[in-house]
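Residue-level structure breakdown
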Amino acid sequence: MAPSPRPGQKKRGAQASSTSSSPGPTSTPNQGYPSEPKRGSYWEESWKLMKWRVYTLVPVLLFLIPQWYFSHGPFTPLSCVYTTRAPNHTFAMTPGASDPDWRENIDLVIPGCQSYPLKGFAIAEMEHLMHAFYHNFEVGDEIGAQLVAYVDGKKVVDVVGGWKDLNRKEQYQPDSLQLVFSTSKSVESIIIAWLVERNLLNYNEKVSAYWPEFGQGNKSDVLLSDVLGHRAGVTWVDEPVTPQIALEAEKLAKIIEKQPHNFGGVRSQAYHAVTRGWILNEIVRRVDPARRGMSEILRDDILPTIPEKVSDTQRPEFYFGVPQSELSRVAPIIGPPLPWYLYHMFLPESMQRDPIPPVMTEVFLKTKSVGHKAAVKSFKTTGIWPASFQHPDVVIGSNSLSYGGFSNARSIGLLAAYLAGNGTFNGNTILSAETLAKALQPLPEYSDPVLGVPVIFTSGGWGKFDNFWEGTYGSAARGWYGWMGSGGSMMYFNPRHNLAFAYVMNGARPGGYIDRRCRDLMKAFIEAYQAIETAED
């Protein structure tokens, strides 16, 4: 029989039972140690301390990161956003084999980012212009681009740089063919002036004299100069034209014939973005003995009068409808990525580096605006601008006139040099000085609801510009003629000073009346030329 426990002593079994069921030392409040925190409480406490910072920081980052990225151009590779090192502006000059002035193996290097291949030449006095050209690549405004300039009939700049597409595997070449949109209108004007010189057309004649059916719907008093100066009252057509319809000249003519005057017969200027070429082409078909259109006349009659090699440049190429044999040279036109559009649509303009002009917002978004009717409603393409104009029927279609020309800066620049020389270049003439003088007669200035600004057009259909380039003054800033294309390309000439300028690119963006890249390049060219003039004086 087990002895009885002493007073205060527990039984051994009870002790074991008590020990096993008693709480551990961490749960005993009077052992002199703090209690063990519950699992996860450290993170909960840390989150309480940090969450106000996170709630503050995340919105700031969500704002700053896009702002940081979009403060660069729309074609900036993401890796380039984080580089702050200065780009290398040095030309690594290597003489070309066939042309002692031509230089290749040139790289514009942005350290920590990427390099853009460049080739070409520029006289020393055009260094300021070259830096403006470089700058567009540095800030992500370019993928591939070409620039050509003439002074007194001498080529002073001929440079090409960048890539043919976003894959950055094939270089942009001097002979790449590029969609130049409304820069095509400057070449249209050359064709019409050529026909005026041959007395087949007259700027002051009514369109109905050549094309009687056009006179329907209050259009009987429209002059040829009205069509060229965007005052024909057919800014838009109520029956939309597709790229397929645009291939059929007869069907296109019927649509224009039955279209009533957009402004009730009252002469009003409103940019004919796509319709000008359609109207002019039908007029030309009516007066040409072989009923050819403008594309055929340019190809068969005008360009062949230019020697195969003019000075150091080949005969210019300009296609309304690219031949199958040349399609491989076409560089695709590329627009900004979707995030770029969203950023510019929703962020206040005051916080943007390069906001989309209001006139372009009207064109794309305000379906009842004149701009939308002129540029979007009248010509129904599929897809998003500008890639929508890469439709095969636009690329190969000979009726894609005011908006569908394909060329390069060398070709456009040489044509501009002819016009700058009053129709003559290097002893060869494509237009007489008298005909060009008629074509350059200014029409009255009108405010244009499509372009959003007052513009002076000439009887021959070119825009006229005096002191137009922001911040440029002096005689060289006046007396310019020509036109630009949606997205950035341009062709300008100045007969007063015998200056010519051309620029094309494959990175297009909705820049409005004149793209910022064009403005900066033209300003740099004018300033460089004025410096030459000053030095000579």
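**As for the side chain of Ser400**
With respect to the helices and strands, Ser400 occurs in the loop between helix H14 (392-396) and strand E11 (405-407). Taking the relative accessible area as the measure of exposure, Ser400 reaches 3% and is therefore buried. Residues in contact with Ser400, not counting those within four places in the same chain, are Phe320, Asp393, Val394 and Gly405.

**Looking at a nonpolar patch on the surface**
Taken together, the side chains of Leu338, Leu342, Met345, Phe346, Phe364 and Leu365 make up a nonpolar region of the molecular surface, amounting to roughly 630 Å² of accessible area. Secondary structure elements with two or more residues in the nonpolar patch: helix H11 (338-346) and helix H12 (358-365). Among the elements that line the nonpolar patch, the one with the most residues is H11, at four residues. Examined against the element boundaries, Phe364 turns out to sit in helix H12.

**Remarks on the environment of Val274**
Checked against the element boundaries, Val274 lands in the loop between helix H8 (249-257) and helix H9 (275-287). By relative accessible area, which is 3% here, Val274 ends up buried. C-alpha separation for the pair Val274 and Tyr403, spaced 129 residues apart in sequence, amounts to 6.1 Å. When residues no more than four places from it in sequence are discounted, the contact partners of Val274 are Ala374, Ser378, Phe379, Ser402 and Tyr403.

**Things to note about helix H13 (residues 370-377)**
Within H13, the full set of buried residues consists of Gly371, His372 and Ala374. Down the axis of H13, the smallest arc covering the buried residues is 165°, so these residues share one side. Where the residues of H13 are buried, they touch H12.

**Description of the packing of aromatic side chains**
Inspection of every chain in the model, using the stated rule, returns 22 aromatic pairs. With centroids separated by 5.7 Å and ring planes inclined at 40°, the aromatic side chains of Tyr271 and Trp483 adopt a geometry described as tilted. Taken together, the residues span a long stretch of sequence, with Tyr271 in the loop between H8 and H9 and Trp483 in strand E17 (residues 480-484) at a distance of 212 residues. Overall, the relative accessible area of 7% leaves Tyr271 in the buried class. Taking relative accessible area as the criterion, Trp483 reaches 3% and is therefore assigned buried. A ring pair is formed by Trp462 and Phe493, whose centres lie 5.4 Å apart and whose planes are at 85°; its orientation type is edge-to-face. Residue Trp462 is located in the loop between strand E15 (454-457) and strand E16 (463-465), and its partner Phe493 is located in strand E18 (residues 490-494); the two are separated by 31 residues in the primary sequence. Just as Trp462 is buried, Phe493 falls in that class too. One Lys or Arg, Lys219, reaches over the ring of Phe214 and ends 5.1 Å from the middle of that ring. When the ring centre of Trp236 is taken as origin, the NZ or CZ atom of Lys373, which lies over that ring, is 4.7 Å away.

**Points about H9**
Along its 13 residues, H9 runs 19 Å from first to last C-alpha, staying within 8% of the 18 Å computed at 1.5 Å per residue. For H9, the tally of buried residues reaches twelve of 13 residues, placing the bulk of the element in the interior. Those residues of H9 not exposed but buried are Thr275, Arg276, Gly277, Trp278, Ile279, Leu280, Asn281, Glu282, Ile283, Val284, Arg285 and Val287. Each element contacted by the buried residues of H9 is listed here: helix H4 (184-197), helix H5 (207-210), helix H6 (224-228), H8 and helix H10 (294-302).

**Points about the pattern of salt bridges**
Under the definition given, this model contains 31 salt bridges. Residue Arg267 is joined to Asp226 by a salt bridge in which the shortest nitrogen-to-oxygen separation is 2.9 Å. With a gap of 41 residues between them, Arg267 in the loop between H8 and H9 and Asp226 in helix H6 connect regions that are remote in the sequence. The exposure class assigned to Asp226 is buried, which follows from its relative accessible area of 1%. Between Glu250 and Arg291 there is a salt bridge; the shortest N-O distance is 3.8 Å. Here the residue Glu250 occupies a position in helix H8, and Arg291 occupies one in the loop between H9 and H10, the gap between them amounting to 41 residues. The class of Glu250 is partly exposed, set by a relative accessible area of 46%.

**Structural notes on the confidence of the model for the protein**
In the predicted model, the protein carries a mean pLDDT of 82, and the fraction of residues at 70 or more is 77%. Long-range and interchain partners of residues 10-30, a stretch whose pLDDT sits below 50, account for five contacts in this model, where long-range means more than four residues apart. Predicted confidence for residues 81-100 stays below pLDDT 50, and this span has 41 contacts to residues more than four positions away or in other chains.

**A word on the pairing of E18**
In terms of burial, E18 is a largely internal element, five of the five residues being buried. Across the two faces of E18 the burial is the same, with Met490, Tyr492 and Asn494 and Met491 and Phe493 all buried. Pairing between E17 and E18: four bridges, direction antiparallel. Bridge pairing in E18 places Trp483 opposite Met491. Hairpin connection between E17 and E18: a loop of five residues separates the two successive antiparallel strands, and Gly487 in this loop has a positive phi of roughly 100°. As judged from the five bridges shared by E18 and strand E19 (residues 499-505), these two strands associate in the antiparallel manner. By the bridge assignment for E19, Met490 is matched with Tyr503.

**Overview of unusual backbone geometry**
A positive phi angle, near 70°, is found at Asn218, a position not held by glycine. Tracing the sequence through the fold places Asn218 in the loop between H5 and H6.

**A few points about the packing of H8 against H9**
Any two packed helices are characterised by the angle at which their axes cross and by the distance between the axes. Look at H8 against H9: their axes get within 10 Å of each other, and the N-to-C directions meet at 115°. As far as their axial angle goes, H9 and H8 are roughly perpendicular. Remark: the crossing between H8 and H9 carries left-handed chirality. Only Trp278, Ile279, Glu282, Arg285 and Arg286 of H9 make contact with H8, whose side of the interface consists of Ala249, Glu250, Leu252, Ala253, Ile256 and Glu257. Residues of the contact of H8 with H9, tallied by class, amount to six nonpolar, no polar and five charged.

**Focus: the sheet that holds strand E10 (residues 330-331)**
Reading across from one edge, E9-E11-E6-E10 is the order of the four strands in this open sheet, with mixed pairing throughout. At either margin of the open sheet sits one strand with a lone partner, and together these are strand E9 (319-320) and E10.

Rules used in this analysis
Residues numbered from 1 in each chain as written. Predicted model: local features only at pLDDT ≥ 70, side-chain atom pairs only at ≥ 80, totals over all residues. Heavy atoms only, no water. Helix = DSSP H or I, 4+ residues; strand = E, 2+ residues; numbered from the N terminus. Buried < 20%, exposed > 50% of the residue type's maximum accessible area, 1.4 Å probe, protein only. Contact = heavy atoms within 4.5 Å. Patch = residues over 30% accessible without salt bridge, like charges linked within 9 Å, V, L, I, M, F, W, Y side chains within 5 Å. Areas by Shrake-Rupley, 256 points an atom, 1.4 Å probe, with all protein chains shown as cover. Salt bridge = Lys/Arg side-chain N within 4 Å of Asp/Glu carboxyl O. Arc of directions from axis to C-beta. Phe/Tyr/Trp six-rings, centres within 6.5 Å; stacked < 30°, edge-to-face > 60°. Lys NZ or Arg CZ within 6 Å of the ring centre and 35° of its normal. Expected span 1.5 Å × (residues − 1). pLDDT = per-residue confidence, 0-100. Pairing = 2+ DSSP bridges. Axes fitted to C-alpha atoms, helices over the stretch in contact; angles between N-to-C directions. Parallel < 35°, antiparallel > 145°, perpendicular 65-115°, else oblique. Left-handed = near helix turned anticlockwise from the far one by under 90°. Nonpolar A, V, L, I, M, F, W, Y, C, P; charged D, E, K, R; others polar.

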